[in-house]
Each structure stands twice: as structure tokens, then as C-alpha cells.
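The residues making up each chain are set out below.
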Amino acid sequence: MQIGSWRTARQGAQALIALGALLFCSHAGAADTQKAKWWTNAVIYEIYPRSFQDSNGDGVGDLNGIEHRLAYLEKLGVDAIWIAPMYPSPQVDFGYDISDYDNVDPQYGTLADFDRLLASARAHHIKILLDMVLNHTSDKHRWFLAAASSREDAKHDFYVWNNGRAGSTPPAPPNNWESFFGGSAWTFVPAVQQFYYHKFYRQQPDLNWRNPAVERAMFDAMRFWLDRGVAGFRLDAITTLFEDPELRDEPVVGGTNAYGDPVLNDIYTSDMPEVHDVIKRMRSMVDRYPDSRVLIGETYLQNTAALDQWYGGANHNELQLPMDTQIGFATKLDAAVIRRQLQELETGIHGSQPLLVFDNHDNPRSIDRFGDGAHDMEIAKLIAALLLTPRDAALLYQGEEIGQRTAPPKRIEDVKDPIGRSGWPKEKGRDGERTPMQWDLSNAQAGFSTDAKTWLPVTPSYRAINVESEWADPDSLLNWHKKLIDLRRQAVAHGAHTVFLDERNPRVLSYARVDSDGKALIVVLNISAQPQTVSLDLNAAGVRHGQLSTVLASPVSMHRPSDEKKLQLAPYGCWIGTR
């Protein structure tokens, strides 16, 4: 048996300038080598290329469309863009099934278009990160076509094969492992009389990372783009590279999922210890390049201790920025829980740089997940403050900055995402968070395309929610994001540390970013639907004496405090100031 193992007014503006250098600071005790890195406090903006900007009128976004919008991204203040997969692909999983790692899918453009985008981004002071899918290829990749043709082919061991349960007629999978997208994780190939393993769609066979040739080939694919000048990668499904070599059944948790399958604990198909050796070698390879190339991980982890392992702990020799999804993808906003998690990031990751995220292309948008229907815009501004004021690198997803809403299909006939078709109606797929970016009122496609039939429909909400209209409104969510990002970009002091204030308050999260002179940026967030009055003991926090000065507030009409013991907050209100 063959076994392989295996994915945001002038007074405010003046106050921003006066801040100088409080927010964009390094953590006291953080590794000195991290202080000068471009990514340390970066705002990274995810672009889903199919839905960002269509330049040629075919209803699908493309690389030239991204280039067309670089001026917007520079104005917003992002440091880098992460482009979801734009490689050649059959598009079963909309690019996450790659058939050629060294090229550009024709629907998005050409390598020449990419090189021009890279040069243009550099002129706009924006770095480009690519999505790198290392766990699996497309079943149309030349490697898999060869591997599935014969057990004797040199590429056969590039993938994970198994003969199945002994004596089973017809052939049966070797264990109970399930695809993340429903059904068995094993598919039988008659030509070789074996099953191949796929953590995701059957059209996405898992690579066998126990085969050194696979590591060499995938590192070569990464070098192809690093040599062209990309600033690094977001590593898709990176925790799933390896699986249990003994192929043990995964524990049954109980109940069924949206696809009708038993719910399993994936202890044997995710976050296996062998993956960390690969990441250390990958980090070593990437570190040989100049200009601080970065590795970002798609890491949905249960706790901070597990997250720390993905940094390499005290050695800082694995991912520079594994995603911390504990706050942004929680089931609700809870001041006490968020406080505890931010405190853990100060003390529990060996001084590494946190990467916070609330939105991406795989999850309903945060304004919908956390909104209550009455305070949605206030909650969206609070989320932006949670993302952009702590000590972190911040990941934004296109449309998040304007409050674009999730728009799931209403009929199965309209579903494009395969998991929405197979899991309907419990699982409607991911189309809702992938609808085209809403730019302006120039046409019914919100300026995304000239084609009346875009790949996913533009939602009617574009008439109120769009970039052009929000730029014109100083109190908009978009301008809130820009002000918060400006706050980060203007701050350059070193040695500031985070002090949590009013720590027993169950509804209000407060913290101060204090420098060595006792000068502080103070952030107070009401994470509740009721007005709150907050008392802050700034002297005990080491903040120097002086008058409080407001930098930003939401709502803008909120009381401007002069007394730290009478800070009044509206429902989901935010106050950011200095003393």
C-alpha cells in the first residue's frame, strides 16, 4: 500500500499630525530584527481578482483592472495588496485549483500584464503579494494527469494514493476522512486501481509533501514569482499539507454538516507537526531574497499558543504573519474576550507581530456577521478601529472599507460556488461575499464593468454603498478607514507599549499606546448597544499629565471629554484621543 501525506474636520486632521508617532510602534521586547520590516504595521488589502475591476468588458475582473485602481489604493493608504489566485485554472474553485504555477490565466491577462502591474504598484508605493496554493493542484495539472495514468509514472508519488480497504468490492476508501466541501476525501481512479486523497474538491488532489521532489517543485514555483519581484505570499490552507501516515479514522463529533456528512474532528488531516519543518525551510528560502519578503498564513487556530507555533515561537523562524482569526471570526463581539485575546498577543507570541483580520473571500462580511440591524454602521466603524488601532498588521478585504454587504443567492439556479450547489439550502456557498466591487454610479454595474452580465450580479445596494459617494462624505465608513490608516502611517515612535485600561469593564474595551515619555494614544470602544460612561485611570497606566485631546470619534457628535473619568460613549461608539 502506498501512503503519502499531505493547505479608516480639520481638528481631527490637526490632531493626527500632532500625534507624530504613537501608533505605528514596535512592541517593547519584540525582536529587533522585526522593527525595520515593511510588513510590521502594514495594511494589506485582499483583492479577489474576478470581482475587483474589469478592464476589457467581459464581466470578469482582471490584472489591468487592478492596475487601473492603484491610485485608489494608494489614496486609501494600503501598503500591499494580496491578489487571490490568478494562475491558469479550470476555475472549479475559482482559481484555487491551479493547473500551472508559472503563468497567468488568460481571463486575467498575461505575464506581461502582471509585470506591468508590479512596476505600476511600485510607483504607487504598493507591494504585491500572491496567493500560493501549496496543498493541492488542479486535477488538470500536468503532474496529476501523469500521476493518474500509471503507478509507474515518476509523478505518481507527487500525490497521495491508497489502495483502499483490503478485500472491498467495489473498492472502498481506506478511512472515514471527509472533503471540506462534502463527501469522501478519497476518489478512485480505475486506471491505477487506487484512491487519491483530496482535502477539498475532488478536482483538487493533495500533493504528497513527504516526497522531497514535491517540496523542490513547489519552492521553485515560489521562486519564479519572487524572482519577478513579488513581496511574498499568502499561503492558502497551509495547515493541511500533511496527514496522518497511518490513515487513522478521524473521531466522530456527532451531528451532520450542511452536506449531510457526519461531523468529524480533523485531528489527522490538519496542523500535523511535520508541516513546521517545511515552513522553516520555506522561511529560510524566502529570507535569502532582499527587501524583507513575507509569508502570511491562512491559519484558523483555536488559541494563541497554537498561533505562536506558526511564528516559530521564540525562534521567529516560521511565518512572519500567521493570521489571527480568533477575534475577527468569533461568533460575537465581546469586550472581555477581545481584551483577553489582545493581551495574549502582547505576551504570548514571543514579541512577534500580530496579523488581525475580520473579512475575506471565504466568509460572510463582518458588517453582516456582527451587525444588529440597528447599529450596523456604528459596528462597522468599531470593527475598523479594532482592526487598525492595536499593535498589529491589518488585513482588509475589498469592499470592507465601504461597508459592502454579503449578498447570497436566493435560488440554487443562481449559485456559482459548487459548495452552494451541493450544500443548498443549508450551505449557500461563498458567492455572497464575492460580488463585484462597488465603485460608483456610472452604470448598473457600479463601475466594475461595462458588461451588463457580470460573473456575479452587482447588488442594488451600490446606489448608496460605493467608493465615489463615500469619498464625498467626510463621515462615511470609507473616510473613517482612511483616517485610521493615516493615523497608523504618521506614527513612527519606537518603544511604545500597550496598557489595558478599565480592565474589568464587561462592555467597553480601552487601551493606551504609551511611549517612553508617557505620551499616549488612547482607544476606547463601546462594544455594546447601550450608552456607557467610562472612567479611566490614566496616571496609573503611566500616561503623563495633561489635557485629553480627541483625534477621532464615532459618531462625530459624540461628547468630547476633558475629564478622563466622564468619558461618555454612544452605543457602539468609538473615541480615540491623546494625552
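Keep in mind that what you see is a predicted model, and the values were worked out from it rather than measured.

> Mind showing me how you'd approach the overall build of the chain here?
What the chain contains, in helices and strands, is 14 helices and 20 strands. At 24 Å, the chain has a C-alpha radius of gyration in line with the 25 Å of a compact globule built from 579 residues. For the chain, the C-alpha atoms occupy an extent of roughly 80 × 55 × 50 Å along the three principal directions. When burial is assessed residue by residue, the chain has 61% of its 579 residues classed as buried. Entry remark: accessible area of the chain is about 21600 Å², with carbon and sulfur atoms responsible for 50%. Averaging the positions of the 59 positive and the 74 negative side-chain charges in the chain gives two centres separated by 3 Å.

> Would you mind going over helix α7 (residues 275-287) with me for this structure?
Residues separated by three or four positions in an α-helix point in the same direction, a consequence of the helix having 3.6 residues per turn. For α7, which comprises 13 residues, the first-to-last C-alpha distance of 18 Å matches the rise-based estimate of 18 Å (1.5 Å per residue) to within 8%. Every buried residue of α7 is listed here: Val275, His276, Val278, Ile279, Met282, Arg283, Met285 and Val286. Those residues of α7 hidden inside the fold are in contact with α6 (212-228), β7 (232-236), β10 (294-297) and α8 (304-311).

> What exactly am I supposed to notice about the sheet that holds strand β18 (residues 549-554) here?
Pairing between sheet strands relies on hydrogen bonds along the backbone, with the strands arranged either parallel or antiparallel. Ordered by their spatial adjacency, 5 strands build an open sheet running β14-β15-β16-β20-β18, and the pairing between neighbours is antiparallel. Edge positions in the open sheet fall to β14 (497-501) and β18, since each of these has one partner strand only. The sheet shows a mean angle of 15 degrees between the axes of neighbouring strands, taken without regard to direction. Looking at chain direction, β14 and strand β15 (residues 508-514) are connected through 5 bridges and run antiparallel.

> Just checking my understanding: could you explain the confidence of the model for the chain for this structure?
Parts of the model with low pLDDT should not have their predicted coordinates read in detail. Across the chain, the average pLDDT comes to 92, with 93% of residues at or above 70. Note that pLDDT drops below 50 for residues 1-34; the model gives that stretch 124 contacts with residues more than four away or on any other chain.

> Teacher, can you tell me more about the packing of aromatic side chains here?
Any aromatic ring pair is given by two values, namely how distant the centres are and how the planes are angled relative to each other. Following the criterion strictly, the structure yields 27 aromatic pairs and no others. Where Tyr72 meets Trp439, the ring centres are 5.1 Å apart and the plane angle is 85 degrees; that geometry is what we call edge-to-face. Within this pair, whereas Tyr72 is found in helix α3 (residues 70-76), its partner Trp439 is found in the loop between α12 (418-423) and α13 (467-471), the two being separated by 367 residues in sequence. Side by side, Tyr72 and Trp439 carry an identical accessibility label, which is buried. An aromatic cluster is defined as three or more aromatic residues linked by ring pairs; in this entry it consists of Tyr87, Tyr101, Phe114, Trp143, Phe158, Phe224 and Trp225. Directly above the aromatic system of Trp455 lies the positively charged group of Arg50, at a separation of 4.4 Å from the ring centroid. Taking the ring centre of Trp471 as reference, the NZ or CZ of Lys75 above it sits at 4.0 Å.

> Please explain the sheet that holds strand β6 (residues 194-197) as it appears in this structure.
Read from one edge of the open sheet, 3 strands run β4-β6-β5, paired in antiparallel fashion. Among the strands making up the open sheet, the edge pair consists of β4 (161-162) and β5 (186-189). For β4 and β6, the ladder comprises 2 bridges, and the chain directions are antiparallel. Along β6, the bridge assignment pairs Asn162 with Phe195.

> So what exactly am I meant to see when it comes to the nonpolar core here?
Grouped together as the largest cluster of nonpolar side chains are 142 residues, with contacts concentrated most on Tyr45 and Ile81. Listed in part, the 19 residues of the second largest apolar core include Ala520, Ile522, Ala553 and Met558.

> Could you clarify how one ought to interpret the pairing of β14 in this entry?
If a strand is regular, its side chains alternate between the two faces of the sheet. Judged by how many residues are buried, β14 sits mostly within the fold: 4 of 5 residues are covered. Hairpin remark: β14 followed by β15, antiparallel, with 6 residues in the connecting loop; positive phi at Asp502, about 45 degrees.

> Help me understand the environment of Asp236 in this model?
Within the secondary structure, Asp236 sits in strand β7. Note: C-alpha distance between Asp236 and Gln53 (183 residues apart in sequence) is 23 Å.

> What is the right way to look at the packing of helix α11 (residues 376-388) against helix α14 (residues 477-490) in this model?
Direction vectors running N to C along α11 and α14 enclose 15 degrees, while the axes themselves pass 10 Å from each other. Between α11 and α14, the interaxial angle falls into the category roughly parallel. Regarding α11 and α14, the two cross each other, and that crossing is right-handed. Where α11 approaches α14, its residues Met377, Ala380, Lys381, Ala384, Ala385, Leu387 and Leu388 are matched on the opposing element by Leu477, Trp480, His481, Leu484, Ile485 and Arg488. For the contact of α11 with α14, the class distribution of residues is 10 nonpolar, 1 polar and 2 charged.

> Please explain the pattern of salt bridges as it appears in this structure.
Pairing between side chains of opposite charge can happen when the charged atoms of each approach one another. Overall, the coordinates contain 24 salt bridges when judged by the stated rule. Among the salt bridges present, the one from Asp115 reaches Arg228, with a minimum N-O distance of 2.7 Å. Of this pair, Asp115 sits in helix α4 (residues 111-123) while Arg228 sits in helix α6, and the two are 113 residues apart along the sequence. Relative accessible area serves as the criterion here: at 30%, Asp115 is assigned to the partly exposed category. A salt bridge links Arg223 to Asp220, with the nearest nitrogen and oxygen atoms 2.8 Å apart. Here Asp220 and Arg223 lie together in helix α6, a separation of 3 residues that amounts to about one turn. Overall, the relative accessible area of 28% leaves Arg223 in the partly exposed class.

> Please explain unusual backbone geometry as it appears in this structure.
Peptide bonds are trans in most cases, and residues, glycine excluded, mostly fall at negative phi. Of note, the amide linkage connecting Thr169 to Pro170 takes the cis form, showing an omega dihedral of -5 degrees. Mapping Pro170 onto the fold places it in the loop between β4 and β5. A cis geometry characterises the amide bond from Ser554 onward to Pro555, with omega recorded as 0 degrees. Locating Pro555 in the fold gives a position in the loop between β18 and β19 (567-569). Within the chain, Gln193 stands out as a residue other than glycine whose phi angle is a positive 50 degrees.

Rules and cut-offs
- Going along each chain's sequence as written, the residues are numbered from 1 onward.
- For this predicted model, a pLDDT threshold of at least 70 governs which residues receive local features, and a threshold of 80 or more governs which side-chain atom pairs are given and counted, while totals over whole chains, interfaces and linings are taken from all residues.
- Calculation of side-chain values draws on the structure's entire complement of heavy atoms; hydrogens and water are dropped beforehand.
- Numbering goes from the N terminus for both helices and strands, where a helix is a DSSP run of H or I of at least four residues and a strand is a run of E of at least two.
- Here the globule rule is a power law, 2.2 Å times the number of residues to the power 0.38, and the radius of gyration is based on C-alpha atoms.
- The buried label goes to any residue with under 20% of its type's maximum accessible area, the exposed label to any with over 50%, and the partly exposed label to all in between, with areas taken from a 1.4 Å probe on protein chains only.
- The method behind every accessible area is Shrake-Rupley, applied with a 1.4 Å probe, and residues are considered shielded solely by the protein chains displayed.
- When charges are tallied, Lys and Arg are placed among the positive residues and Asp and Glu among the negative ones, while His and the ends of the chain are skipped.
- One atom stands in for each charge, and that atom is NZ of Lys, CZ of Arg, CG of Asp or CD of Glu.
- For a helix, the expected span equals 1.5 Å multiplied by the number of residues minus one.
- Throughout, a residue-residue contact means that at least one pair of heavy atoms, one from each residue, lies within 4.5 Å.
- Strand pairing follows a simple DSSP-based rule, namely that at least 2 bridges must link the two strands.
- Between N-to-C directions, angles span 0 to 180 degrees; the directions come from axes that are lines fitted to C-alpha atoms, helices contributing only their stretch in contact.
- Residue-level confidence of the predictor is what pLDDT reports, using numbers from 0 through 100.
- Pairing of aromatic side chains here covers Phe, Tyr and the six-membered ring of Trp, requires ring centres within 6.5 Å, and sorts the geometry by plane angle: under 30 degrees stacked, over 60 edge-to-face, intermediate tilted.
- In this scheme, Lys NZ or Arg CZ marks a charge over a ring once it lies within 6 Å of the ring centre and within 35 degrees of the ring normal.
- Working definition of a nonpolar core: buried Ala, Val, Leu, Ile, Met, Phe, Trp, Tyr and Cys residues. They are joined through side-chain atoms within 4.5 Å.
- If an angle is under 35 degrees, it is roughly parallel; if it is over 145, roughly antiparallel; if it lies from 65 to 115, roughly perpendicular; otherwise it is oblique.
- We call a crossing left-handed when the near helix sits turned anticlockwise from the far one by less than a right angle, and right-handed when that turn is clockwise.
- Gly is placed with the polar residues, together with every amino acid not listed as nonpolar (Ala, Val, Leu, Ile, Met, Phe, Trp, Tyr, Cys and Pro) or charged (Asp, Glu, Lys and Arg).
- One side-chain nitrogen of Lys or Arg within 4 Å of one carboxyl oxygen of Asp or Glu is enough to make a salt bridge.

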